[in-house]
Number of protein chains: 2
Amino acid sequence: MANPMYRQIAEDLRLKIESGELGHGDQLPTEIELREKYDASRNTVRDAIKWLMTRGLVETRPGQGTFVVARIEPYVTILTGEADGSAGAGDIYVNEVKATRRTPTATVPRVEIQQIAGVVAEELQIAENTTVVSRHQQRSIDGIPFSLQTSFYPMSLVERGAIKLIQAEDIPHGAVAYLRDNLKVRQVGYRDTVTVRAPDPNETAFFKLPDDGRVAVYEIRRTAFDQSGHPCRLTVSVYPADRNQFTVNVGEVPPEILTRPASDQSRQHQ
Amino acid sequence: MANPMYRQIAEDLRLKIESGELGHGDQLPTEIELREKYDASRNTVRDAIKWLMTRGLVETRPGQGTFVVARIEPYVTILTGEADGSAGAGDIYVNEVKATRRTPTATVPRVEIQQIAGVVAEELQIAENTTVVSRHQQRSIDGIPFSLQTSFYPMSLVERGAIKLIQAEDIPHGAVAYLRDNLKVRQVGYRDTVTVRAPDPNETAFFKLPDDGRVAVYEIRRTAFDQSGHPCRLTVSVYPADRNQFTVNVGEVPPEILTRPASDQSRQHQ
DNA sequence: AACGATTTGTTCGTATGTATC
DNA sequence: TGATACATACGAACAAATCGT
């Protein structure tokens with residue numbers, strides 16, 4: 001009574017999905033069938049479906065029908081690791097590879113020299129409109145788009161001889177080892193900042209996300225510090241939120257056995 | 001041409017918002033005005049607004065109008081800290097307080113003894129349908145809903161004398177210190193798992209989120225380990241994704257100066 | 001390869017309800 | 001109370017994608 005009709009239809013379908021009556025991947029009745037079943041107009045049925053779609057419960061495929069979304073097994077990325085740069089650590093991607101045991105690929109870095117402002121300048125603790133080197137890569141795992149990553153380095157590192165930073169090709173053993181061995185710039189620690197936001201159009205396209213902004217993305221900024229306590233790199237990584245999770249280990253933590261996606265039973269709120 | 005009209009209208013409005021022509025909190029033209037401006041029907045204009053709403057760019061207020069959403073200054077929570085339980089660390093909330101310097105409040109714990117399954121049993125490494133103690137709290141900062149938190153403890157801890165775990169009142173210096181001083185159960189480390197998902201109805205209500213599922217929530221599971229390497233606690237915390245961010249420090253990291261929300265300038269993807 | 005049937009997507013018009021000022 | 005503005009609901013028509021024949 002209080003609720004509009006499209007909500008009642010939506011809640012009814014939602015129940016059928018969450019009770020398991022409609023399993024993952026199952027097709028819902030067509031809009032025409034729902035229109036007859038609930039004695040509503042097609043537009044009202046579509047409003048109900050739209051409501052379910054916003055919540056990520058169903059997806060529509062033109063010419064085919066409406067389907068309950070399939071659950072996705074998330075990738076797990078460990079944010080904590082060795083800080084000293086050994087074993088390539090401090091590089092988010094290495095952890096990903098270890099964690100997933102899948103075959104990763106990455107595009108050739110797109111290198112740009114640019115003036116920066118805002119968050120980048122702030123995290124690198126340099127003045128706005130200073131020039132920095134940015135190295136951008138698209139990363140995939142088993143051919144599936146996985147992350148977009150951009151690293152920013154102060155131009156001073158290049159001036160001190162780190163010319164590989166401005167070459168558009170992979171740095172064999174990683175930038176961390178390269179800077180340590182050539183410039184004696186040791187990475188002694190890093191700070192990760194985890195945020196979640198709506199994807200921009202580029203990200204939507206690369207990750208093949210539904211083009212409404214319903215699936216969010218993680219943005220993880222890793223600011224790395226050298227032995228002098230100054231930031232020597234900022235890496236911004238973006239991951240789709242619906243198929244990724246992150247792990248942080250502190251202190252003595254036994255090796256992980258297995259991981260599961262977000263809670264089913266652990267939701268005990270009321 | 002390729003795009004439907006409602007998308008073109010939406011993109012045009014989006015541009016005006018992102019370029020700053022329409023500032024945060026500004027009112028958009030009414031649907032009637034937009035209908036005339038773009039020479040479309042009111043329904044089409046509403047489709048465009050719906051598209052912007054899904055992306056969290058605008059909000060509608062019945063009887064008033066459509067407004068550009070105001071940006072929210074995020075709370076910052078540090079996930080890494082001392083693992084040994086000193087200074088109450090290992091308790092997420094303590095870090096929050098330190099990080100925000102605001103006045104936190106929390107409801108009296110709701111204590112339940114229940115059989116658990118799924119993720120909880122898995123993280124605590126105990127058999128399914130074993131009994132555990134759960135302690136649930138709603139936390140606020142300056143009166144604003146902040147997080148929902150549920151901690152699970154193996155029943156064996158109570159049997160060994162930790163009776164305060166089953167009392168519905170705060171444990172003065174924190175459960176970590178209580179278990180250490182009374183049961184010699186030291187927390188030597190923990191593992192945090194960060195996921196993002198749509199809020200359930202309870203979370204939507206508590207956090208006063210828009211009742212479409214557009215704002216996601218973080219779910220952070222903290223599994224704490226004692227000196228024997230066994231899990232002694234699982235804490236599940238839920239935060240709204242639109243006003244929270246998390247920090248992870250590894251290695252030597254200088255003290256934080258200030259933090260800013262998700263990137264503006266750091267988005268360099270293409 | 002072509003066509004028709006099915007299904008969702010877009011757009012219009014219209015009417016009425018409800019919230020706010 | 002009335003005016004304004006968004007919310008819901010109906011009906012209709014055509015477009016576009018998909019699939020099987």
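Residues numbered from 1 in each chain as written. Chains lettered and ligands numbered in written order. Predicted model: local features only at pLDDT ≥ 70, side-chain atom pairs only at ≥ 80, totals over all residues. Heavy atoms only, no water.

Undergrad: Help me understand empty space enclosed by the protein, please; the structure alone is not making it clear to me.
TA: The rolling of a water-molecule-sized probe over the atoms marks out the regions of remaining empty space. All names here are of chain A. All told, the structure shown has two cavities of 30 Å³ or more when counted by the stated rule. Taken as a whole, the largest cavity spans an internal volume of roughly 60 Å³. Residue lining of the largest cavity: Tyr 153, Ala 175, Val 176, Leu 179, Val 185, Arg 186, Gln 187, Cys 232 and Arg 233, and that is the complete set. Elements supplying a minimum of two residues to the lining of the largest cavity: helix 7 (175–183) and strand 10 (231–240). (1 Å grid on protein atoms, 1.4 Å probe; cavity = no way out; pocket = protein on both sides within 12 Å on 5 of 7 lines; lining within 4 Å. Points joined across faces, edges and corners; volume = space filled by probe spheres on them. Helix = DSSP H or I, 4+ residues; strand = E, 2+ residues; numbered from the N terminus.)

Undergrad: Looking at this structure, I do not really get the packing of helix 1 (residues 5–18) of chain A against helix 3 (residues 42–54) of chain A. What am I missing?
TA: Packed helices, taken two at a time, are described by their axes: the angle between them and the distance between them. Residue and element names in this part refer to chain A. Contact geometry for helix 1 and helix 3: axes closest at 8 Å, N-to-C directions at 55°. With respect to helix 3, the axis of helix 1 lies oblique. Considering only the axes of helix 1 and helix 3, their crossing is right-handed. Within the contact between the two elements, helix 1 uses Met 5, Tyr 6, Arg 7, Ile 9, Ala 10, Glu 11, Leu 13 and Arg 14 and helix 3 uses Thr 44, Asp 47, Ala 48, Trp 51 and Leu 52. Taken together, the residues of the contact of helix 1 with helix 3 break down into eight nonpolar, one polar and four charged. (Axes fitted to C-alpha atoms, helices over the stretch in contact; angles between N-to-C directions. Parallel < 35°, antiparallel > 145°, perpendicular 65-115°, else oblique. Left-handed = near helix turned anticlockwise from the far one by under 90°. Contact = heavy atoms within 4.5 Å. Nonpolar A, V, L, I, M, F, W, Y, C, P; charged D, E, K, R; others polar.)

Undergrad: Would you mind showing me how to read the pairing of strand 7 (residues 144–154) of chain B here?
TA: Side-chain positions along a regular strand alternate between the two faces of the sheet. Residue and element names in this part refer to chain B. Most of strand 7 is tucked away: ten of the eleven residues are buried. Two strands pair when backbone bridges link them, and strand 7 and strand 10 (residues 231–240) are joined in this way by five bridges, in the antiparallel orientation. Among the inter-strand pairings, Thr 150 is bridged to a residue of strand 10, identified as Val 236. (Buried < 20%, exposed > 50% of the residue type's maximum accessible area, 1.4 Å probe, protein only. Pairing = 2+ DSSP bridges.)

Undergrad: Looking at this model, I keep getting lost on the protein's contact with DNA strand D. Mind explaining?
TA: Close to DNA strand D lie 23 residues, the nearest being Met 5, Asn 43 and Thr 44 of chain A together with Arg 46 and Thr 60 of chain B. In the environment of DNA strand D, a base nitrogen lies 3.2 Å from a nitrogen or oxygen atom belonging to the side chain of Arg 42 of chain B. Those elements giving two or more residues to the surface near DNA strand D turn out to be helix 1 and helix 3 of chain A together with helix 3 (42–54), strand 1 (58–61) and strand 2 (65–68) of chain B. For the surface near DNA strand D, a count of residues per class yields six nonpolar, twelve polar and five charged. (Near = heavy atom within 4 Å. Polar contact = N/O pair within 3.5 Å; in protein donor to acceptor, adjacent residues only side chain to side chain.)

Undergrad: Help me understand the protein's contact with DNA strand C, please; the structure alone is not making it clear to me.
TA: In the vicinity of DNA strand C there are 21 residues, among which Arg 42 and Thr 60 of chain A together with Met 5, Asn 43 and Thr 44 of chain B approach most closely. Separating a phosphate oxygen of DNA strand C from a side-chain N or O atom of Thr 60 of chain A is a distance of 2.7 Å. Where the surface near DNA strand C is concerned, the elements lending two or more residues are helix 3, strand 1 (58–61) and strand 2 (65–68) of chain A together with helix 1 (5–18) and helix 3 of chain B.

Undergrad: Got a minute to help me understand the pairing of strand 10 of chain A in this structure?
TA: All names here are of chain A. With respect to burial, strand 10 is a largely interior element, ten of its ten residues being buried. Pairing analysis gives nine bridges linking strand 9 (residues 217–226) to strand 10, with the strands arranged antiparallel. Its bridge partner lying in strand 10, Ala 224 is registered against Arg 233. Adjacent in sequence and paired antiparallel, strand 9 and strand 10 are bridged by four residues, among which Gly 229 carries a positive phi angle near 85°.

Undergrad: Hey, could you run me through the layout of surface pockets in this one?
TA: Taken as a whole, the second largest pocket spans an internal volume of roughly 1700 Å³. Surrounding the second largest pocket, 48 residues form its lining, Lys 50 of chain A together with Asp 47, Lys 50, Trp 51 and Thr 54 of chain B being those nearest its centre. Within the residue set of the lining of the second largest pocket, elements represented by two or more residues are helix 1, helix 3 and strand 1 of chain A together with helix 1, helix 3, strand 1 and strand 2 of chain B. Tallied by class, the residues present in the lining of the second largest pocket amount to 15 nonpolar, twelve polar and 21 charged.

Undergrad: How do you make sense of helix 3 of chain B when you look at a structure like this?
TA: Each turn of an α-helix holds 3.6 residues, which means side chains three or four residues apart point in the same direction. Residue and element names in this part refer to chain B. If you check helix 3, its first and last C-alpha atoms are 18 Å apart, about what 13 residues at 1.5 Å a residue would give, namely 18 Å. Residues of helix 3 that are buried: Val 45, Ala 48, Ile 49, Trp 51, Leu 52, Met 53 and Thr 54. Where helix 3 is buried, its residues touch helix 1, helix 2 (31–38), strand 1 and strand 2. At the C-terminal side of helix 3, Gly 56 shows a positive phi close to 75°. (Expected span 1.5 Å × (residues − 1).)

Undergrad: Looking at this model, I keep getting lost on the packing of aromatic side chains. Mind explaining?
TA: For any pair of aromatic rings, the description rests on two quantities: the centre-to-centre distance and the angle between the ring planes. If you walk through the whole model with that rule in mind, you get ten aromatic pairs over all chains. Ring geometry for Phe 206 of chain B versus Phe 207 of chain B: centroids 5.0 Å apart, planes at 65°, classification edge-to-face. Each of the two residues, Phe 206 of chain B as well as Phe 207 of chain B, counts as buried. Every member of this aromatic cluster is reached through a ring pair, and the members are Tyr 75, Phe 146, Tyr 218, Tyr 239 and Phe 246 of chain A. A cation sits over an aromatic face here: Arg 61 of chain A above Phe 67 of chain A, 3.8 Å from the ring centre. Here Arg 222 of chain A stacks its cationic end above the ring of Tyr 190 of chain A, 3.7 Å away from the centre of that ring. (Phe/Tyr/Trp six-rings, centres within 6.5 Å; stacked < 30°, edge-to-face > 60°. Lys NZ or Arg CZ within 6 Å of the ring centre and 35° of its normal.)

Undergrad: Got a minute to help me understand the pattern of salt bridges in this structure?
TA: Once the charged atoms of two side chains with opposite charge are near each other, the side chains can pair. All names here are of chain A. In total, this model carries 30 salt bridges over all chains according to the counting rule given. As a salt-bridge pair, Glu 31 and Arg 42 come within 2.6 Å of each other at their nearest N and O atoms. Of this pair, Glu 31 sits in helix 2 (residues 31–38) while Arg 42 is found in helix 3, placing the two residues eleven residues apart along the sequence. Residue classification places Glu 31 among the buried residues on the basis of a relative accessible area of 17%. A network of salt bridges, in which partner residues are shared, links Glu 123, Arg 191, Arg 197, Glu 203, Glu 219 and Arg 221. (Salt bridge = Lys/Arg side-chain N within 4 Å of Asp/Glu carboxyl O.)

Keep in mind these values describe shape, not function.
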